[in-house]
Amino acid sequence: MLAQQEAGTDAYYVLVAEDGSILGRFNLFLVGDATANVGYRVAQHVAGRGVATATVRELCRLAAVDHGLRTLRAAASHDNAASRKVLSKAGFVPVGPAAPADLGGKPGTWYQLALRPHSGRRAGGTTAGG
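In this report, we go over the structure that sits alongside the text. (Residues numbered from 1 in each chain as written. Predicted model: local features only at pLDDT ≥ 70, side-chain atom pairs only at ≥ 80, totals over all residues. Heavy atoms only, no water.)

This paragraph deals with the overall build of the chain. A tally of helices and strands in the chain yields three helices and six strands. The order of helices and strands in the chain, counted from the N terminus, is α-β-β-β-α-β-α-β-β. By the burial criterion, 39% of the 130 residues in the chain qualify as buried. A fraction of 51% describes how many contacts in the chain between residues 6 or more apart in sequence connect residues 24 or more apart. (Helix = DSSP H or I, 4+ residues; strand = E, 2+ residues; numbered from the N terminus. Buried < 20%, exposed > 50% of the residue type's maximum accessible area, 1.4 Å probe, protein only. Contact = heavy atoms within 4.5 Å.)

Right, here's the structure in full:
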């Protein structure tokens, strides 16, 4: 994963609390044509508190500003209501079925978000970790 990040083919972010504990991971898997698939997971003790939604929104901003992406996609299984809610709150819209192979054997839905273009990269490091 570090080699993929170093090569610029993927981007991995870790959300760390002030006490140093890991709250979640948020990933961009670049698939070409200024598009990436999004993956994320949050620690159970912060689930349902808006952490995933806020950080996915920040990941969307980083995707546009730091990575020059124009489209993000994410798959959520039908039985993962929390993930579907996070994606909807972050502005993703359903675009079609996701095959069980896309979701570890579970059927689901692909969601997509068109990012606003940005006129340059942001200076400095990222706030989500990296």
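Pairing in this open sheet of six strands is mixed, and the strands run β1-β2-β3-β4-β6-β5 from one edge to the other. The open sheet terminates on both sides in strands that have one partner only, identified here as β1 (10-16) and β5 (93-98). Taken pair by pair, the neighbouring strands of this sheet meet at an average axis angle of 25°, ignoring direction. Across three bridges, strand β3 (residues 35-42) lies against strand β4 (residues 71-77) in parallel orientation. By the bridge assignment for β4, Thr35 is matched with Thr71. Seen against the sheet, helix α2 (residues 51-65) touches β1, β2 (22-32), β3, β4 and β6 (108-114) and runs at an angle of roughly 35° to β2. Across the sheet, helix α3 (residues 81-89) is in contact with β3, β4 and β6; its angle to β4 comes to roughly 155°. (Pairing = 2+ DSSP bridges. Axes fitted to C-alpha atoms, helices over the stretch in contact; angles between N-to-C directions.)

In this section: the packing of aromatic side chains. Tallied over the full model, the rule gives two aromatic pairs. A centroid spacing of 5.9 Å and a plane angle of 75° characterise the contact between Tyr12 and Phe29, whose relative ring orientation is edge-to-face. With Tyr12 in strand β1 and Phe29 in strand β2, this residue pair connects regions lying 17 residues apart in the sequence. Their ring planes at 10° and their centres at 6.3 Å tell us that Phe26 and Tyr40 sit as a pair that is stacked. A residue pair is termed long-range when its members are at least 10 positions apart, and Phe26 in strand β2 and Tyr40 in strand β3 qualify at 14 residues. Over the aromatic face of Trp110 sits the side chain of Arg73, whose NZ or CZ is 4.0 Å from the ring centroid. (Phe/Tyr/Trp six-rings, centres within 6.5 Å; stacked < 30°, edge-to-face > 60°. Lys NZ or Arg CZ within 6 Å of the ring centre and 35° of its normal.)

On to the pattern of salt bridges, then. This structure, assessed with the given rule, holds three salt bridges. Two residues, Asp33 and Arg70, come together in a salt bridge whose shortest N-O distance is 3.7 Å. Of this pair, Asp33 sits in the loop between β2 and β3 while Arg70 sits in the loop between α2 and β4, and the two are 37 residues apart along the sequence. Relative accessible area serves as the criterion here: at 67%, Asp33 is assigned to the exposed category. A residue is classified by how much of its surface remains accessible, and Arg70, at 45% relative accessible area, is partly exposed. Note that Glu58 is salt-bridged to Arg61, the shortest N-O span being 2.7 Å. Within this pair, Glu58 and its partner Arg61 are both found in helix α2, separated by three residues, close to a single helical turn. (Salt bridge = Lys/Arg side-chain N within 4 Å of Asp/Glu carboxyl O.)

Residues Val14, Val16 and Ile22 make up a contiguous nonpolar surface patch of roughly 250 Å² in combined accessible area. Its relative accessible area of 56% is what places Ile22 among the exposed residues. (Patch = residues over 30% accessible without salt bridge, like charges linked within 9 Å, V, L, I, M, F, W, Y side chains within 5 Å. Areas by Shrake-Rupley, 256 points an atom, 1.4 Å probe, with all protein chains shown as cover.)

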